[in-house]
Structure formats: C-alpha cells, structure tokens
Amino acid sequence: MTDLSALEAELTAAVAAAGDLAALDALRVSALGKTGSISNLLKSLGAMSPDERKTAGPAINGLRDRVAALIGERKTGLESSALEAQLGAGRLVGDGGAVARGVAVDVEGHGAAGRARGK
C-alpha cells in the first residue's frame, strides 16, 4: 500500500501551490477523480483481507475527506481573490461597470439615460 502520509503531504503542497481554479480542478481530478490516486487506493480495498480493510479503509477515507476539504478551502480562497481582483479593476458584476465609471445607476439598474427615457 502507498504511504498515505507521504501522499497527503504531496497533495497538500500541490493544493497550496495551485495558482488558479483550472490548476486546482486538474489536481482535484488527479487525486479524487475516477482514476485519481486516492480513488485507486479506495479501489484496492476490495483486494485486501477483511483485517487489512478495517485498518486501511478508514485511513484512506480520512485522506480523501481531508484532501477534498483542502481543495474546497483553496477553491473558496481563489474565487475570493478573483472577485477582489475584478472589483479592484472596476469590473463590477450587474451594473455593466457603470458605478466604476461614475455613472449614476438607480436601484433598478437604469443609468441616467434610461431614467430620462422613462425606463
């Protein structure tokens, strides 16, 4: 059986190093996908004796859960960073960037020209 602590350390470092959502998703698939490293370990449980399964099963499932949680936390962080970058660049969602350009927008999302036309 693979050294689970070494695999966890490797995956933890890779999650931390993922610089964008695409890289993180590729890592998720390589670890947790159908043919991922952790998924393959879970598949190997069937070939083990019942006593081995009692020990290895919870360890592998725990690894899967910890890695999935790390990926989820990193995904949230990357999404927040991307949103902050968009907001900082003036690309606000929903108003077409009007607020960032200094255009007055009413509560219904109409700019000054829209109100003048009765919209």
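Treat the numbers as computed from the prediction; the structure is a model and nothing was measured. (Residues numbered from 1 in each chain as written. Predicted model: local features only at pLDDT ≥ 70, side-chain atom pairs only at ≥ 80, totals over all residues. Heavy atoms only, no water.)

So, about the overall build of the protein. Along the backbone of the protein there are 6 helices and 0 strands. Listing every helix and strand of the protein by position from the N terminus yields α-α-α-α-α-α. Looking at the protein as a whole, 22% of its 119 residues qualify as buried. In the protein, the share of contacts with a sequence separation of at least 24, taken over all contacts with a separation of at least 6, comes to 48%. Accessible surface, the protein as shown: approximately 7,600 Å² in total, 57% of it carbon and sulfur. (Helix = DSSP H or I, 4+ residues; strand = E, 2+ residues; numbered from the N terminus. Buried < 20%, exposed > 50% of the residue type's maximum accessible area, 1.4 Å probe, protein only. Contact = heavy atoms within 4.5 Å. Areas by Shrake-Rupley, 256 points an atom, 1.4 Å probe, with all protein chains shown as cover.)

In terms of nonpolar packing, the biggest core is built from 18 residues, with L7, L11, L24, I38, I60, L63 and V67 touching the most fellow members. For this core, the secondary structure elements donating two or more residues are α1 (4-17), α2 (21-32), α3 (37-44) and α4 (50-88). Counting residues per element, this core draws most heavily on α4, at 6 residues. (Core = buried A, V, L, I, M, F, W, Y, C linked by side-chain atoms within 4.5 Å.)

Taking 1.5 Å per residue, 12 residues should reach 16 Å; α2 reaches 16 Å between its end C-alpha atoms and fits that length. Inspection of α2 places L24, L27 and A31 among the buried residues, and these make up the whole buried set. Down the axis of α2, the buried set is contained in an arc of 60°. They therefore lie on one face. On its buried side, α2 packs onto α1, α3 and α4. Of the residues flanking the start of α2, the one acting as N-cap is D20, its side-chain oxygen 3.3 Å from the backbone nitrogen of A22. (Expected span 1.5 Å × (residues − 1). Arc of directions from axis to C-beta. Polar contact = N/O pair within 3.5 Å; in protein donor to acceptor, adjacent residues only side chain to side chain.)

Moving on, we come to the environment of S39. With respect to the helices and strands, the residue S39 is situated in helix α3. The buried category is assigned to S39, whose relative accessible area is 13%. Placed 21 residues apart in sequence, S39 and I60 show a C-alpha to C-alpha distance of 9.1 Å. For S39, the residues in contact, after removing those within four places along its chain, are A31, L32, G33 and K34.

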